[in-house]
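Secondary and tertiary structure notes
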Amino acid sequence: MSLLLRRLLNTAAAAARGPLPIRVALTDTAGRGVFATRPIAAGEVLHSAQPLVSHPSRSLLHEVCYSCLRRKAGKGGDSSGGCYFCSDACRQHAQGFHGIEKNVDWSLLDDHCSSRGLKYPYMVKRLACMVISGAVAADCLDILQPAHLHQSIITEMEEEFELLDSTFRKAGFKEELATFFTKQWYINVLARIRVNAFRIELVASSYEDLLSSAIASVACDASVGNAVYMLPSFYNHDCDPNTHIVWLENADAKLKTLRDIDEGEELCICYIDASMDVNARQKILAEGFGFQCRCLRCLSGD
Ligand SMILES: C[S@@+](CC[C@H](N)C(=O)[O-])C[C@H]1O[C@@H](n2cnc3c(N)ncnc32)[C@H](O)[C@@H]1O
């Protein structure tokens, strides 16, 4: 079944289920948030979401699907062109932007990212290829909240932009870049990816998956990649969340309640490892997401 047909069927199925039990509205202190529009039982799937943009972890480029981040199972799938595709539907979906990405020599960007441990520039690179191919609009992430950036970070981003710009130009994409690819575009996109990207860890669904996850986590590769979504980006954080985001077999996310929810209650997920102590959580949330967490758990010092 083609990806387009699957998306149409999903939309039709969603329409048959009725409206989502959530709405996005302003909170008192945390910008926009997601609220329940009716009582919701623990364990209910609120909705699913497909990525706007995603990218496999660097060390798993040949082990997970270029398009949906599904792990390679045995010798199946199509590994032609240096990347792995788990199905024809994924290959077709990515055809335009993969066609661009595979014709560019990314070695300078690879060196830059691996020496600094960076992963988000790869997502901007992927998004730029998607824009050039016409798969998405250049402003598709504009609605998301950006990170506050210090001047030192902006200077680093400007250098990265130059690197990516010259890489694309060397590969002959001068005219295609003219319409959108500016320093400001690069910084705007990266600022949004920094706040809204999810690190994707698949739930093991079989004995083989469990084994490869165990091996991957020893090799520090528990995550198959990173992705940015639209609706999941509006969920605020709580260190004792009532909702969580899960990935079963690929980058398609499911938002599920963790306990019974009242109508009107805000639905929050936990952005970080909730098992850390209050000081570590506060530090990461302040440095990574720019806010001081004032959830009940933090206020009680737990
Ligand atoms: C993924 S966005 C969530 C949606 C965001 N509120 C919006 O309006 O788009 C993450 C940002 O929301 C804000 N935020 C999330 N949880 C928060 C909280 N518990 N307290 C204060 N701000 C929060 C922070 O600015 C954070 O960087």
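Above this text you will find the structure in question.
Summary of the structure given here. All values derive from a computational prediction rather than experimental measurement.

1. A few points about unusual backbone geometry
Although it is not a glycine, Leu 69 sits at a positive phi angle of roughly 70°. Within the element layout of this structure, Leu 69 appears in the loop between β4 (53-56) and α2 (88-101).

2. Here's the deal with the nonpolar core
Looking at soluble globular proteins, one finds that nonpolar side chains tend to be buried together. In terms of nonpolar packing, the biggest core is built from 73 residues, with Leu 127, Phe 168, Phe 181, Trp 185, Ile 193, Ile 200 and Tyr 229 touching the most fellow members. The element best represented in this core is helix α4 (residues 120-133), accounting for 10 residues. When sequence neighbours within four positions are dropped, the list of residues in contact with Ile 200 reads Leu 69, Ala 222, Ser 223, Val 224, Gly 225, Asn 226, Ala 227, Tyr 229, Trp 247 and Ala 251. Ile 272, Leu 285, Cys 293 and Cys 295 belong to the second largest nonpolar core, which has seven residues in total.

3. Here's the deal with the packing of aromatic side chains
The tally for this structure, following the rule as stated, stands at 14 aromatic pairs. Measuring from centroid to centroid gives 5.3 Å for Tyr 66 and Phe 85, while their planes differ by 45°, and the two rings are tilted. Here Phe 85 lies in the loop between β4 and α2 and Tyr 66 lies in the loop between β4 and α2, a separation of 19 residues in the sequence. Here Tyr 66 and Phe 85 have matching classes, each one buried. With 5.9 Å between their ring centres and 75° between their planes, Phe 180 and Phe 181 make a pair best called edge-to-face. By relative accessible area, Phe 180 is classed as buried at 7%. Phe 181 sits in the buried class, given a relative accessible area of 5%.

4. With respect to helix α5 (residues 151-170)
What sets the pattern is the α-helix's 3.6 residues per turn: residues three or four places apart point alike. In this model, α5 (20 residues) spans 29 Å end to end at C-alpha, consistent with the 28 Å of a helix rising 1.5 Å per residue. All buried positions along α5 are accounted for by Ile 153, Ile 154, Met 157, Glu 160, Phe 161, Leu 163, Leu 164, Asp 165, Thr 167 and Phe 168. The inward-facing, buried residues of α5 abut α3 (107-116), α4, α6 (174-178) and α7 (183-196). Looking one or two places after α5, you find Gly 172, whose phi comes out positive at around 95°.

5. What about the site of the ligand?
Close to the ligand lie 14 residues; Ala 30, Arg 32, Gln 145, Asn 236 and Phe 289 are nearest. In this structure, an oxygen atom belonging to the ligand sits 2.7 Å away from a side-chain N or O atom of Gln 145. Counting only elements with at least two residues in the shell around the ligand, the list comes to α7 and β7 (236-237).

6. Digging into α4
Between its terminal C-alpha atoms α4 stretches 20 Å, which fits the 20 Å expected from 14 residues at 1.5 Å a residue. Here α4 lies mainly inside the structure; 13 of its 14 residues are buried. Looking one or two residues past α4, Gly 134 carries a phi angle of roughly 85°, positive in sign.

7. Focus: the state of the cysteines
Summed over all chains, the structure comprises zero disulfides. Looking at the unpaired Cys 68, the closest cysteine sulfur is the one in Cys 86, lying at 3.6 Å.

8. Examining the sheet that holds strand β10 (residues 266-269)
Pairing in this open sheet of four strands is mixed, and the strands run β1-β2-β10-β7 from one edge to the other. Two strands close off the open sheet at either side, each with one partner strand: β1 (22-26) and β7. By the bridge criterion, five bridges tie β1 to strand β2 (residues 32-36) in an arrangement that is antiparallel. Within β2, the position partnered with Arg 23 by the bridge is Phe 35.

Conventions we followed
- Residues numbered from 1 in each chain as written.
- Predicted model: local features only at pLDDT ≥ 70, side-chain atom pairs only at ≥ 80, totals over all residues.
- Heavy atoms only, no water.
- Helix = DSSP H or I, 4+ residues; strand = E, 2+ residues; numbered from the N terminus.
- Core = buried A, V, L, I, M, F, W, Y, C linked by side-chain atoms within 4.5 Å.
- Buried < 20%, exposed > 50% of the residue type's maximum accessible area, 1.4 Å probe, protein only.
- Contact = heavy atoms within 4.5 Å.
- Phe/Tyr/Trp six-rings, centres within 6.5 Å; stacked < 30°, edge-to-face > 60°.
- Expected span 1.5 Å × (residues − 1).
- Near = heavy atom within 4 Å.
- Polar contact = N/O pair within 3.5 Å; in protein donor to acceptor, adjacent residues only side chain to side chain.
- Disulfide = S-S within 2.5 Å.
- Pairing = 2+ DSSP bridges.

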